[in-house]
Protein chains: 2
Amino acid sequence: MAAPTPADLADLDAKDPLARFREAFDLPDGLIYLAGNSLGALPKAAAARLEAAVRAQWGSRLVEAWTACGWIEAPARVGGKIARLVGAAPDEVIVADSTSVDLFKLIVAALEARPGRQVLLGVKGEFPTDVYVAGEAARLCGRRLALVERDELEAGLNEDVALLVLTHGHYRTARLFDMGQVNARAHAAGALVLWDLSHSAGVAEVDLSGSGADLAVGCGYKYLNGGPGAPAWLYIAERHQALLTSPLAGWMGHAAPFDFAPDYRPAPGIARFLCGTPPILSLTALEAAIDLMLEAQVPAMAAKARRLGDVFLELAAERCPALEPIVPGPGQMRGGHVAFRHASAGAILADLGRRGVVGDLRGDVLRFGLSPLYVRYQDVGRAVEALTAALAAAPLKVG
Amino acid sequence: MAAPTPADLADLDAKDPLARFREAFDLPDGLIYLAGNSLGALPKAAAARLEAAVRAQWGSRLVEAWTACGWIEAPARVGGKIARLVGAAPDEVIVADSTSVDLFKLIVAALEARPGRQVLLGVKGEFPTDVYVAGEAARLCGRRLALVERDELEAGLNEDVALLVLTHGHYRTARLFDMGQVNARAHAAGALVLWDLSHSAGVAEVDLSGSGADLAVGCGYKYLNGGPGAPAWLYIAERHQALLTSPLAGWMGHAAPFDFAPDYRPAPGIARFLCGTPPILSLTALEAAIDLMLEAQVPAMAAKARRLGDVFLELAAERCPALEPIVPGPGQMRGGHVAFRHASAGAILADLGRRGVVGDLRGDVLRFGLSPLYVRYQDVGRAVEALTAALAAAPLKVG
């Protein structure tokens, strides 16, 4: 299949149902920003709402803003909105802490809910924080973290596995697990599954309820565009909520935090997985970003992200044969980025930067995030042009 | 001793070396805000710097702001500034997570560093989150949380105690422990001590190094004025840093987070107690607030907070005999607030609100925070006037 021509790209942009959302972001003129999988761009509404939260809420209402301005409900309210991006019920998602902290809470809670099973199962080569957190959490619970290759998952799922923890979209290869299939196999083995959706929520179709998912976490600052270090979110299927308790028994997870009771009594629903006082400023930016995504809707975002990736791969195959793609090819299920291996990846990335194209580097892998709300098809065309020029200028290096 | 007259209060304000700092805060006209111990007021610089961080950093520099704008160093940089407020070396404090999460990390780390000892010792009636978190952390480590009365602390410190966890300034009574004395007694028994400084940092003299402190945490949104849900901070004496590891092994605590190595290798210093990606927007507001406190300096802030409290207590003793003070009296060591028990506390607080005075309620206790950078002596005079009127109007209730 021939790669799309400039006219094809212009046509794709002209017909893009999400084209108007680019105006909702504050992006430097002329920059082609393809690192939204590391840090999403600034939604204009996030800047405006944050200013209001600072001046009209914190500055003017002071401590009464906790109730008068809806701060105290923000973790549940924003969680309920994120739920709509990942196919969950509103009371199955809450915003809290960071992805790493949420992973810890859910891993420990799940291991304690499966006391007879010794193994926490994970997958080799996944995002390091997941593996680090899993290892320490397992050790603390007197269990064992076992890591298997991605393709040996089924063999690893035996009757000693309490919990399987894995990322839905891989941070390097953009491969997506079939969530329903993995859940079904784990459940058949009596194990729970905890998904990290940091690289898929907001950019791929995710159906937590429909796929029978147990637990999930996700970050707020990548495709959700919530800002640097935005709080993370966690999901617990309603059927598990009363059976799991958080090891981080902070006061905001108490059934009645403002009673200041001496004994810990976890809140009845998912709120028991809150811990400390919620970070209102960061939550405000995140909520503005999520509102935009709810307007755009997941099916359109996922379809555009995939098509942007297809176009990138088709153009790169034609113009940049020296790049080795490591992501699923055109037409296949894929997360929100494309990635290529090259021995001079670092030099190429730096050169791209000088040409106004921002990507990022993971070892010898170049990654380009294709955030569907602000990346245009013609941006992809210009990025591949820049990549072609950068490759021509790159030092010869045998990988 | 006669209570100060209005002329005395005007004179105290005229001579107040911190008077100029009130202008650095954005406070509604006419409001007397005495809940800065729950949520500190908005520093004007925090609003301005947050706007710059959003538009000029996130919006313009995007992902490169992590290095170009000093985001990645922010937890250590702001921690180093907080260190100067609490008598610690710059590399002994780091900003991370919430107070509750930080308590958990340090409790588990300390219990694991004292494997032969079965008891985590705490004090009854302290801020609930401390007790909740301690209870779960102890259980997870296979240890036991023992709570003693405040005055029985010494008897509780036996050779089975691994760690003593307690709050320096009490959230209701404003009583301050003698930090050096407690540390010495705990050390004599072979125990470590973890202090929660949420109600004393920034408003009382704290000398972590000089008092031989081991570990501490504190919140960012009370007297530090860092904004709603501002990140918390933690302190580890340099001598302990290599011996403790965080149970929350997130990637930001790794020795080389951007190597994406498969194995967890904790950072050499206190950075190993970072966990997830730092919340930059909240950190920006907190840093602006801390910079203001460093300019004001702790001795002046502590002296003024104490004097404001003395004045409040003297005036209340004269005008409001129906109020029962529950804090240390004039001239004594005290945290940053005054508090009074009254059977109709709720009705009185509501009436005060209508009179433009904001305090808060903890059960049947009225609390008034005396944040030294923006509360004036004449504010205290007007607050006691309002309190006198509110008491006269309060429903008679036998407590």
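Draft legend 1. Here's a closer look at the overall build of chain A. Assigned secondary structure in chain A consists of 13 helices and 15 strands. Its C-alpha atoms give chain A a radius of gyration of 22 Å, near enough to 21 Å, the size a compact globule of 399 residues would have. Dimensions of chain A, computed from C-alpha atoms along their principal axes, come out at roughly 65 × 55 × 35 Å. By residue count, 64% of the 399 residues in chain A fall in the buried class. A separation threshold of at least 6 residues defines the contact pool for chain A, and within that pool the share at least 24 residues apart is 72%. Separation of charge centres in chain A, based on 38 positive and 44 negative side chains, amounts to 2 Å.

Draft legend 2. Local environment of the interface of chain A and chain B. Each partner contributes residues to the interface: chain A has 72 residues there, and chain B has 72 residues. Here chain A and chain B share an interface that buries about 5,600 Å² over both sides, 71% of which is from carbon and sulfur atoms. The interface formed by chain A and chain B holds 2 salt bridges in total. Its salt-bridge partner being Glu112(A), residue Arg139(B) comes within 2.9 Å of it at the nearest N-O pair. Applying the counting rule to chain A against chain B returns 17 residue pairs in polar contact (both at pLDDT 80 or more). When contributions to the side of chain A that touches chain B are tallied by element, the ones reaching two or more residues are β3 (42-43), α2 (44-61), α5 (99-113), α6 (128-140) and α10 (280-296) of chain A.

Draft legend 3. Structural detail: the relation of the copies chain A and chain B. Laying chain A over chain B is done by rotating through 180 degrees and shifting 0.0 Å along the axis; what remains is an RMSD of 0.0 Å. Between the two chains, the operation in question is that of a two-fold axis. When C-alpha positions in chain A are compared against the rotation axis, the closest is assigned to Ser282(A), at 3.1 Å. The overlap is high: 100% of the interface residues of chain A also sit at the interface in chain B, so the same surface is used on both sides.

Draft legend 4. Examining the sheet that holds strand β14 (residues 360-362) of chain A more closely. All names here are of chain A. Strand order in the open sheet formed by 4 strands is β11-β12-β15-β14, with antiparallel pairing between adjacent strands. One side of each edge strand has no neighbouring strand; the edge strands of this open sheet are β11 (324-325) and β14. In terms of strand pairing, strand β12 (residues 337-341) meets strand β15 (residues 365-369) through 5 bridges, oriented antiparallel. Directly across from alanine 339, in β15, lies its bridge partner arginine 367. In the packing of helix α12 (residues 345-354) onto the sheet, the strands contacted are β14 and β15, and the crossing angle to β15 comes to about 35 degrees.

Draft legend 5. Seen up close, the sheet that holds strand β9 (residues 215-218) of chain A. Residues and elements named next belong to chain A. Pairing in this open sheet of 7 strands is mixed, and the strands run β4-β10-β9-β8-β7-β5-β6 from one edge to the other. The two strands at the open ends of the sheet, each matched to only one other strand, are β4 (93-95) and β6 (144-148). The average angle at which neighbouring strand axes cross in this sheet is 20 degrees, direction not considered. Sheet analysis places strand β8 (residues 192-196) next to β9, joined by 3 bridges and oriented parallel.

Draft legend 6. Layout of the packing of helix α12 (residues 345-354) of chain B against helix α13 (residues 377-393) of chain B. Residues and elements named next belong to chain B. Where α12 meets α13, the closest approach of the two axes is 9 Å, and the angle between their N-to-C directions is 125 degrees. Considered as vectors, α12 and α13 are oriented oblique to each other. As α12 packs across α13, the resulting crossing turns out to be right-handed. Counted together, Ile348, Asp351 and Leu352 of α12 and Ala383, Ala386, Leu387, Ala390, Leu391 and Ala393 of α13 form the full contact between these two elements. Each residue belonging to the contact of α12 with α13 can be placed in one class, and the counts come to 8 nonpolar, no polar and 1 charged.

Draft legend 7. Just unusual backbone geometry, in detail. The backbone of Asn225(A) sits at a positive phi, close to 60 degrees, despite the residue not being glycine. As for its placement among the helices and strands, Asn225(A) is situated in the loop between β9 and β10 (233-236).

Draft legend 8. Quick look at the environment of Leu234(A). Residue and element names in this part refer to chain A. Looking at the secondary structure, you find leucine 234 in strand β10. For leucine 234, a relative accessible area of 0% translates into the label buried. When the C-alpha atoms of leucine 234 and leucine 194 are compared, they prove to be 10.0 Å apart, with 40 residues separating the residues in sequence. When residues no more than four places from it in sequence are discounted, the contact partners of leucine 234 are Glu92, Val93, Ile94, Asp102, Lys105, Leu106, Ala216, Val217, Ile270 and Phe273.

Scoring rules and cut-offs
Residues numbered from 1 in each chain as written. Chains lettered and ligands numbered in written order. Predicted model: local features only at pLDDT ≥ 70, side-chain atom pairs only at ≥ 80, totals over all residues. Heavy atoms only, no water. Helix = DSSP H or I, 4+ residues; strand = E, 2+ residues; numbered from the N terminus. Rg over C-alpha atoms; globule rule 2.2 N^0.38 Å. Buried < 20%, exposed > 50% of the residue type's maximum accessible area, 1.4 Å probe, protein only. Contact = heavy atoms within 4.5 Å. Lys, Arg positive; Asp, Glu negative; His and termini not counted. Charge placed at Lys NZ, Arg CZ, Asp CG, Glu CD. Buried area = accessible area lost by both parts, 1.4 Å probe. Salt bridge = Lys/Arg side-chain N within 4 Å of Asp/Glu carboxyl O. Polar contact = N/O pair within 3.5 Å; in protein donor to acceptor, adjacent residues only side chain to side chain. Least-squares fit on C-alpha atoms with pLDDT ≥ 70 in both. Pairing = 2+ DSSP bridges. Axes fitted to C-alpha atoms, helices over the stretch in contact; angles between N-to-C directions. Parallel < 35°, antiparallel > 145°, perpendicular 65-115°, else oblique. Left-handed = near helix turned anticlockwise from the far one by under 90°. Nonpolar A, V, L, I, M, F, W, Y, C, P; charged D, E, K, R; others polar.

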